[in-house]
Amino acid sequence: MSVPDEARSRWAHLVDTINDARERYYQRDAPTISDEEYDAIYRELVELENEHPELASGESPTQTVGGSRAEMFEPVEHLVRMYSLDNAFSIDEVQAWAARVDRGVDEQPALLCELKVDGLAVDLVYVEGRLKSVATRGDGTVGEDVTYNATFIPGIPKSLRGTPALLEVRGEIYFPLEEFERVNAEQLSLGRSPFANPRNAAAGSLRQRIDRRQEDLAEVEARSKGTDREGARIDRLRTDLKVAESRLSSLRLVVHGIGAHEGAGVAFSTLSGAYDVLADLGLPTSDLRRLVPDLTGVEDYIVYYGEHRHDVEHEIDGVVIKVDDLAIQERLGATSRAPRWAIAYKYPPEVVRTRLRDIQVNVGRTGRVTPFAVMEPAKVAGSTVSMATLHNADEVTRKGVLIGDMVFLRKAGDVIPEVLGPVIEVRDGSERQFVMPTACPECGTELAPEKEGDVDIRCPNTRACPAQLRERLFHVASRGAMDIEGLGWKAAAALLECGLVHDEGDLFALTAADLVRCPFFTREAGKGESGPQLTENARGMLTQIEVAKDRPLWRALVALSIRHVGPTAAQALAREFTSVDAIADATPEQLESVEGVGGVIAEALHEWFAEPWHREVVDKWRAAGVRLAEARSAAAGPGTLDGVTVVITGSLEGFTRDEATAAVVERGGKVTGSVSKKTDFLVAAGESGSSKYEKAMSLGIPILGVEGFRVLLDDGPESARTLATG
């Protein structure tokens, strides 16, 4: 049966697109399409070849390993071929792979789960225990010799703790996330497109000709006659070399595979056993791998790291599942491009490419005017995103984005979507510069920096600007403040538009009679009812407003929108002063003396309470019954947890997270979000695999379950330590 011309033409287009994308990704380390776009066109090619098998020639990307060797490095032939991995995008596809594995073996094999590090695959060869070569994967058979550059990477041992005759291992070179952010900042400062992902950053750094840079510098220095021009060139070469070497020294290696091996000390029958041997030899392996007996364990691992992928020091884009038994691996074999005994489950992408349609500005609750990007909607990290922050005008300039640009967009979990930077290579000249407004878009007031030299500009009309009022109302109801369910952004806007509140001070005096005057909160009368009726949501909001009146003092402090005062500072202030009035009457010096407050926050507090209308807001809240003082007074003496720092993670039976935090704070303790040497206890019911748990274990910090937490609250730290682990 002949292939229709339309299908053949589409196949040729897909092949060309994929090959071009591979060259930009593997050779140039500068992709112009996102991983999501690549995966989509690759899957379309697979489906087309399944429908028309005669199209699947040996040159098709579906039959070859992605990547090839660049000419700037010497070739290195791998002792054992390096393969790509087939991808799965759902649990169903993982189950289908497992079913194919089970058909090829007598009994269900154990499976090894590993994190799929977003880095550059490399092949390392040791002879008699000493490093002989480091090469990129290339086309799977021949890679590039990057041995010299690899000597700058601190995690690659030059010699092993043993001396096996031959050992070939596979690993991933990666940037820790902090270093990746630093490298991308350097790229933007040089007017270049940012790296789309840590893999490209790692590849671009490892595939620099450091040796040639050193030779060029030495040659120029030797010929130099001391002129200013030559001196400037030498300085530039030295700087470039220093940056290149610095990037290499920031790279890390994790080993995740085994190739050829001979000699004493490298005998093993399972991959997990091989990893133990490699670790004993001094090679860096991952502590986050997990050996599981069946697919239930695989699914648990996938779900866990889908929720905790940002607790790891490096970027991950999925999970790799491998058959652990090496003999079964051998029996299952491989296709022309991928082993049958392994598969990669891919998480939804966190970096995509989309079009920047416009740049607009938002006025926040403190008057700060912030540019934000309006984009063609794109699905990233499992949700559809059409807006992203750009922080301030200087950031727009630093990133070099223009309206109309194709940009890389990142959204990591619950983090606010962020534009990484433009794809400069695809500009067509229609793009235009963003110009920051000079007047507030909501109230027309002239914008200006608060102080000379400030990066941010603000609307000074703090009391009457509709945007600031709306944002402050919304903030009062937020989870980090008074946590009023039902009072969202639209409800806050409706309260203002209907004239039910004039500022946040009026919020806690609202009644059903007030809300019924606003169409947003009402429904048509039903049978036997007269006039508009409150909706269920409106009644629920009123109930939640009443409940919020008794929130702890620190939440009220956060809700007042005092600049720089977040939960940590608010808790410290509540512990020290125990009432809003005491805080308002304190001097800047007294405020600054509180641990965790400091000069900037103290000055912001002093300035806020010096404004008469701010005091009016506090008075309105007090009149409405909002709790503005703690039950424990300063005269009552120290609390049972004075000076004790607690981190709370996971679900605690009998406590909400807020209740647990309030219980610690009311007893004089301090609750923080991360584990450090200053942490006294980690409360971690059911969180034994979390990064906080692991860090607490490594630091020897006592770990409490629910019962231990109750003892801590009732009897104090000494009694709690007797029930702690860690």
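Residues numbered from 1 in each chain as written. Predicted model: local features only at pLDDT ≥ 70, side-chain atom pairs only at ≥ 80, totals over all residues. Heavy atoms only, no water.

Chemist: Honestly, the overall build of the protein chain in this entry has me stumped. Any pointers?
Modeler: Each helix and strand in the protein chain was counted, giving 26 helices and 22 strands. Expressed as lengths along the three principal axes of its C-alpha atoms, the size of the protein chain is roughly 80 × 75 × 65 Å. For the protein chain, with 726 residues in total, the buried portion stands at 50%. Long-range pairs, those at least 24 residues apart, make up 67% of the contacts in the protein chain between residues at least 6 apart in sequence. Summing over all exposed atoms, the protein chain offers an accessible surface of approximately 34,200 Å²; the carbon and sulfur share of this is 49%. Side chains of the protein chain carry 83 positive and 117 negative charges; the gap between the two charge centres is 2 Å. (Helix = DSSP H or I, 4+ residues; strand = E, 2+ residues; numbered from the N terminus. Buried < 20%, exposed > 50% of the residue type's maximum accessible area, 1.4 Å probe, protein only. Contact = heavy atoms within 4.5 Å. Areas by Shrake-Rupley, 256 points an atom, 1.4 Å probe, with all protein chains shown as cover. Lys, Arg positive; Asp, Glu negative; His and termini not counted. Charge placed at Lys NZ, Arg CZ, Asp CG, Glu CD.)

Chemist: Any chance you could explain the pattern of salt bridges here in plain terms?
Modeler: Side chains that carry opposite charge are capable of pairing whenever their charged atoms lie near each other. The final tally for this structure, using the stated rule, is 28 salt bridges. Glutamate 181 is the partner of arginine 410 in a salt bridge, and the nearest nitrogen-oxygen pair spans 3.0 Å. In this pair, arginine 410 is assigned in strand E15 (residues 406–410) and glutamate 181 in helix H5 (residues 177–189), connecting sequence segments 229 residues apart. Look at arginine 410 and you get buried, because its relative accessible area is 12%. Judged by its relative accessible area of 37%, glutamate 181 is partly exposed. The salt bridge partner of aspartate 456 is arginine 368, with a shortest N-O separation of 3.4 Å. (Salt bridge = Lys/Arg side-chain N within 4 Å of Asp/Glu carboxyl O.)

Chemist: What am I meant to see in the sheet that holds strand E10 (residues 316–323) here?
Modeler: In a beta sheet, neighbouring strands are held together by backbone hydrogen bonds and run either parallel or antiparallel to one another. Judged by pairing direction, the sheet is mixed, and its five strands sit side by side in the order E2-E11-E10-E3-E9 without closing on themselves. With partners counted over all chains shown, the strands left at the sheet margins are strand E2 (87–88) and strand E9 (290–292), one partner each. Sheet analysis places strand E3 (residues 111–117) next to E10, joined by seven bridges and oriented antiparallel. Paired with glutamate 114 across the bridge in E10 is valine 320. Running over the sheet, helix H9 (residues 271–280) touches E3, E9 and E10 and is turned about 55° from E3. The strands touched by helix H10 (residues 295–308) within the sheet are E3, E9, E10 and strand E11 (342–346), with E3 carrying the most contacts at an inclination of about 20°. (Pairing = 2+ DSSP bridges. Axes fitted to C-alpha atoms, helices over the stretch in contact; angles between N-to-C directions.)

Chemist: For this particular structure, what's the right way to read the environment of aspartate 39?
Modeler: With respect to the helices and strands, aspartate 39 occurs in helix H2 (residues 35–51). Judged by its relative accessible area of 14%, aspartate 39 falls in the buried class. In this structure, the C-alpha to C-alpha distance between aspartate 39 and asparagine 87, residues 48 residues apart in sequence, is 9.0 Å. Once you skip the residues sitting within four places of it in the chain, aspartate 39 turns out to touch Asn87, Phe89 and Lys346.

Chemist: How should I be thinking about the packing of aromatic side chains in this particular structure?
Modeler: The geometry of an aromatic ring pair is captured by two quantities: the separation of the ring centres and the angle between the planes. A full pass over the atoms with the stated rule returns eight aromatic pairs. Both rings, one in tyrosine 148 and one in phenylalanine 152, keep their centres 5.6 Å apart while their planes meet at 85°; by these two values the pair is edge-to-face. Their ring planes at 80° and their centres at 5.2 Å tell us that phenylalanine 508 and tryptophan 621 sit as a pair that is edge-to-face. Taken together, the positions of phenylalanine 508 in the loop between helix H14 (489–497) and helix H15 (512–515) and tryptophan 621 in helix H22 (residues 612–624) put the pair 113 residues apart, joining distant regions of the chain. Residue classification places phenylalanine 508 among the buried positions, given a relative accessible area of 2%. Residue class for tryptophan 621 comes out buried when judged on its relative accessible area of 1%. (Phe/Tyr/Trp six-rings, centres within 6.5 Å; stacked < 30°, edge-to-face > 60°.)

Chemist: Please explain the packing of helix H3 (residues 91–103) against H10 as it appears in this structure.
Modeler: Two numbers describe a pair of packed helices, the interaxial angle and the distance between the axes. Where H3 contacts H10, the two axes come as close as 11 Å, and the packing angle between them is 150°. As the angle between them shows, H3 and H10 are arranged roughly antiparallel. Of the two possible hands of crossing, H3 and H10 adopt the one that is right-handed. Facing H3, whose interface residues are Ile91, Val94, Gln95 and Ala98, H10 presents Leu295, Val298, Glu299 and Ile302. When grouped by side-chain class, the residues that make up the contact of H3 with H10 number six nonpolar, one polar and one charged. (Parallel < 35°, antiparallel > 145°, perpendicular 65-115°, else oblique. Left-handed = near helix turned anticlockwise from the far one by under 90°. Nonpolar A, V, L, I, M, F, W, Y, C, P; charged D, E, K, R; others polar.)

Chemist: Please explain the nonpolar core as it appears in this structure.
Modeler: It is characteristic of soluble globular proteins that their nonpolar side chains tend to be buried jointly. Counting residues in each nonpolar core, the largest one holds 60 residues, and the members touching the most others are Ile484, Leu507, Phe508 and Phe521. Counting only elements with at least two residues in this core, the list comes to helix H13 (466–476), H14, helix H16 (536–548), helix H17 (553–559), helix H18 (567–577), helix H19 (580–585), helix H21 (598–609) and H22. Apart from residues no more than four positions distant in its own chain, phenylalanine 508 is found in contact with Val476, Met482, Ile484, Ile545, Ala548, Lys549, Trp621, Ala624 and Val626. Membership of the second largest hydrophobic core comes to 45 residues, among which are Val146, Val183, Ala203 and Leu251. (Core = buried A, V, L, I, M, F, W, Y, C linked by side-chain atoms within 4.5 Å.)

Chemist: Even after reading the chapter, I still don't get the state of the cysteines, so can you show me in this structure?
Modeler: In total, this model carries one disulfide according to the counting rule given. Linked covalently through their sulfurs, cysteine 498 and cysteine 518 form a disulfide whose S-S length is 2.2 Å. Judged by the torsion about the S-S bond (60°), the cysteine 498/cysteine 518 disulfide is right-handed. Taken together, the positions of cysteine 498 in the loop between H14 and H15 and cysteine 518 in the loop between H15 and strand E17 (522–523) put the pair 20 residues apart, joining distant regions of the chain. (Disulfide = S-S within 2.5 Å.)

Chemist: Sorry if this is basic, but what is going on with the side chain of glutamate 315 here?
Modeler: Structurally, glutamate 315 is set in the loop between H10 and E10. Once you skip the residues sitting within four places of it in the chain, glutamate 315 turns out to touch Lys116, Val117, Asp118, Leu177, Pro198 and Glu350.

Chemist: Help me out: how do you make sense of helix H23 (residues 657–666) in this one?
Modeler: Owing to its 3.6 residues per turn, the α-helix brings residues three or four apart onto one side. Buried within H23 are the following residues: Ala660, Thr661, Ala662, Ala663, Val664 and Val665. Structurally, H23 contributes buried residues whose contacts are with H17, H18, strand E19 (645–648), strand E20 (670–672) and helix H25 (706–715). Once H23 ends, the next one or two residues include glycine 668, with phi positive near 90°.

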